[in-house]
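Structural characterization, general
Okay, here's what each chain looks like letter by letter:
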Amino acid sequence: MSDAAQSAQTPPTQVCISRKPGGSDALGSPFPSGEAKTACIRTFGCQMNVHDSDRMRRMILDAGYAEVHSYEEADLVILNTCYVRENAVDRVRGHLGELSHLKRKGRLKKVALTGCIGSSDESRDLQHQYGIDLVLGTHNTYELAEFVGLPTMRETYTPDLPGMEGEHSAFVTIMTGCNYQCSYCVVPSVRGRMICRPLDNVVEEVEGLVRSGTGYVTLLGQTVDAWRHEGKRFCDLLEQVANVAPRVWFTTSHPSNMEDRTLRLIGEKGTIVKRLHLPVQSGSDRMLRVMHRGYKAERYRRKIEVFREAVPDGTLSTDIIVGHPGESEEDHEQTLKLVNDCAFDSAYIFKFSPRGGTEAAGLGGTVPPEVVQRRFLEVLRAVEHNAFTRNQRKVGSVEDVYVRHGSTEDGKAIGETWSGHAVHVRADVARPGDYVRVRIDAAGPHVLYAGEPIA
Ligand code: 5AD
Ligand code: SF4
């Protein structure tokens, strides 16, 4: 059993770098001028990292690199990493070992380590041990530009950098960092304090994306609903974006910042996907206090009531940590109760993993692994039971499904309803970015299954 059910951590994603004719062989390139250069970026972790990889891809395109699909074919490999879970470093070590072997054989020339592990104290040891050529944190990714031979880019790690244009869907970062100090979380130390991007700047970017064909915009940030700028709040920003983009979603939110008017806006605006991801972490007030989450379970429940009333056909997902130090059986029972009361449509369930430098890593009251495993399964079963029951209600309905991904291994494409449900549709009728109208034939706990498309 993995450490997280329906984990928010995406599997390593290969970001393909397409060929750009006549790319510059600019000064300072780590490779001799005139040689065809190839690069491969691997992305681990959350959507913020996927977005950072997009930014790095832009730099590499500009530097004239060609796409490769494997480490063996690459001159340059960039590992854009995640630090949220304990085994993340071990996983990256495996890749680094393979890369240093390829380097010794002479094919691979340079390795860069970026992202959250790059920002961490452990990166020095990794650099030394594996002979990494460049280590960058999340705050100075722009230095990659110089490394790949671009003339100095006047970018800094401010959030006002555009997402990829011309794609059917795009991420738009509206804020970076986080001002909370949750006991278990490394994000504040690796991403720094919150920086919010000006509203006009966000809206201009979204307009540009829409002009270039983007049909789906996801607003990104660690706590997007904490966004504020010059007297405006997240709800104002969301409304303006929803006025110009054909389809909008946002992630991730913090219960202390979520305003009722934002929840109502989700129900009112036809262009906002009716899915709320609102991490609760625990159903026990005692644990929420230990975690420094800043709210009680009752406050969370009230938010969910407002959401369910304002968005009756919406979907609700959350994050839950089981086995945080000090979690008692009573605390766990409270979490199970909250899961049943809120009837989540899906949840990312994490076993607590101690992260160096966080408060929770130094706390006593470790929960034995077999207890964590049992609690994990109990929460998982409760979530799946509720999700399955709710998904069953969708059977027979006719839905306009936005196709997010083309064919999967079993020949199905994955789409999303306006209510935020994931749907499997026939791959031959579904191109990413298209809408298909389908009837829902069946439902499982995680996904709906579409029948034949309806003309
Ligand atoms: N252990 C387990 N889960 C964690 N998360 C963050 N840090 C930890 C940790 N140390 C989970 C939280 C967060 C999600 C992105 O990852 O639930 O919301
Ligand atoms: Fe981490 Fe808490 Fe900030 Fe979320 S709100 S990024 S869990 S510190």
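Residues numbered from 1 in each chain as written. Chains lettered and ligands numbered in written order. Predicted model: local features only at pLDDT ≥ 70, side-chain atom pairs only at ≥ 80, totals over all residues. Heavy atoms only, no water.

1. Things to note about the site of ligand 1
Where we set the bar: Residue proximity to a molecule or strand is established when one non-hydrogen atom of the residue lies within 4 Å of it. We call two N or O atoms a polar contact when they sit within 3.5 Å, provided that within protein one can donate a hydrogen and the other can accept it, with sequence-adjacent residues counted only if both atoms are side-chain atoms. Surface exposure here means Shrake-Rupley accessible area, sampled with a 1.4 Å probe, where a residue is shielded only by the protein chains that are shown.
Taken together, Val84, Tyr184, Gln281, Asp319, Ile321, Phe350, Lys351, Phe352, Ser353 and Arg355 are the residues near ligand 1. Within the side chain of Asp319, one N or O atom sits 2.6 Å away from an oxygen atom of ligand 1. Between ligand 1 and Ser353, the relevant distance is 2.7 Å, taken from a nitrogen atom to a main-chain nitrogen or oxygen of the residue. Surface burial for ligand 1 is 87%, taken as the share of its 400 Å² of free accessible area covered by protein chains.

2. Remarks on the site of ligand 2
Under the convention used in this document: Under this grouping Gly is polar, as are all residues other than the nonpolar Ala, Val, Leu, Ile, Met, Phe, Trp, Tyr, Cys and Pro and the charged Asp, Glu, Lys and Arg.
The local shell around ligand 2 consists of Cys178, Tyr180, Cys182, Tyr184, Cys185, Val187, Pro188, Thr223, His254 and Arg293. Its residues placed into classes, the shell around ligand 2 shows seven nonpolar, two polar and one charged.

3. Details of the sheet that holds strand S8 (residues 169-173)
Heads up, the condition is: Pairing between two strands requires that DSSP report at least two bridges joining them. Secondary structure elements are defined from DSSP: runs of H or I of at least 4 residues count as helices, runs of E of at least 2 residues count as strands, and each element is numbered from the N terminus. Interaxial angles span 0 to 180 degrees and are taken between N-to-C directions of axes, which are lines fitted to C-alpha atoms, for helices over the stretch in contact. In this analysis, two residues are considered to be in contact whenever any of their non-hydrogen atoms come within 4.5 Å of each other.
Pairing in this open sheet of three strands is parallel, and the strands run S8-S11-S14 from one edge to the other. Where the open sheet ends on each side, the last strands, each with one partner, are S8 and strand S14 (248-251). Strand-to-strand, the axes of this sheet are offset by a mean angle of 25°, without reference to chain direction. Pairing of strand S11 (residues 216-220) with S14 involves four bridges; the strand directions are parallel. Along S14, the bridge assignment pairs Thr218 with Trp249. The sheet strands contacting helix H6 (residues 199-211) are S8 and S11, and the helix crosses S8 at an angle near 170°. Sheet contacts for helix H7 (residues 234-244): S11 and S14; angle to S14, the most-contacted strand, approximately 150°.

4. Examining the packing of H7 against helix H8 (residues 260-268)
Put simply, the rule is: Here is the rule for angles: anything less than 35 degrees is roughly parallel, anything more than 145 is roughly antiparallel, 65 through 115 is roughly perpendicular, and the remaining ranges are oblique. By definition, turning the near helix anticlockwise from the far helix through less than a right angle yields a left-handed crossing, and turning it clockwise yields a right-handed one.
Two elements in contact, H7 and H8, have axes separated by 9 Å at closest approach and are oriented at 15°. It follows that H7 is roughly parallel to H8 by the angle criterion. For the element pair H7 and H8, the recorded crossing hand is left-handed. Mapping the contact onto sequence places Phe234, Cys235, Asp236, Leu238 and Glu239 in H7 and Arg261, Thr262 and Leu265 in H8.

5. Here's the deal with unusual backbone geometry
Basically, it comes down to this: Relative accessibility decides the category of a residue: with a 1.4 Å probe and only protein chains considered, values under 20% of the type maximum give buried, values over 50% give exposed, and everything between is partly exposed.
Cis geometry is adopted by the peptide bond preceding Thr252, which originates at Thr251 and carries an omega value of 5°. Within the secondary structure layout, Thr252 lies in the loop between S14 and H8. The phi angle at Gln281 is positive, at roughly 75°, despite the residue not being glycine. As for its position among the elements, Gln281 is in the loop between strand S15 (275-277) and helix H9 (285-290). Overall, Gln281 belongs to the buried group, its relative accessible area being 6%. Residue His292 is not a glycine yet carries a positive backbone phi of 60°. The topology assignment puts His292 in the loop between H9 and helix H10 (297-310).

6. So, the side chain of Glu416
Inspection of the secondary structure puts Glu416 in strand S19 (residues 412-416). A polar contact of 2.9 Å, which involves the side chain of Glu416, links it to the side chain of Arg247. A polar side-chain atom of Glu416 sits 3.3 Å from a polar atom in the side chain of Arg404. With sequence-adjacent residues up to four places away left out, Glu416 is seen in contact with Tyr216, Arg247, Val273, Asp400, Val401, Tyr402, Arg404 and His421.

7. Here's the deal with the confidence of the model for the chain
Do not read the fine detail of predicted coordinates wherever pLDDT is low. Defined as follows: A residue's pLDDT is the predictor's confidence in that residue, given on a scale from 0 to 100.
Averaged over the chain, the pLDDT score is 84; the fraction of residues at 70 or greater is 86%. Within the model, the stretch residues 1-34 combines pLDDT values under 50 with 108 contacts to residues more than four positions away or in other chains.

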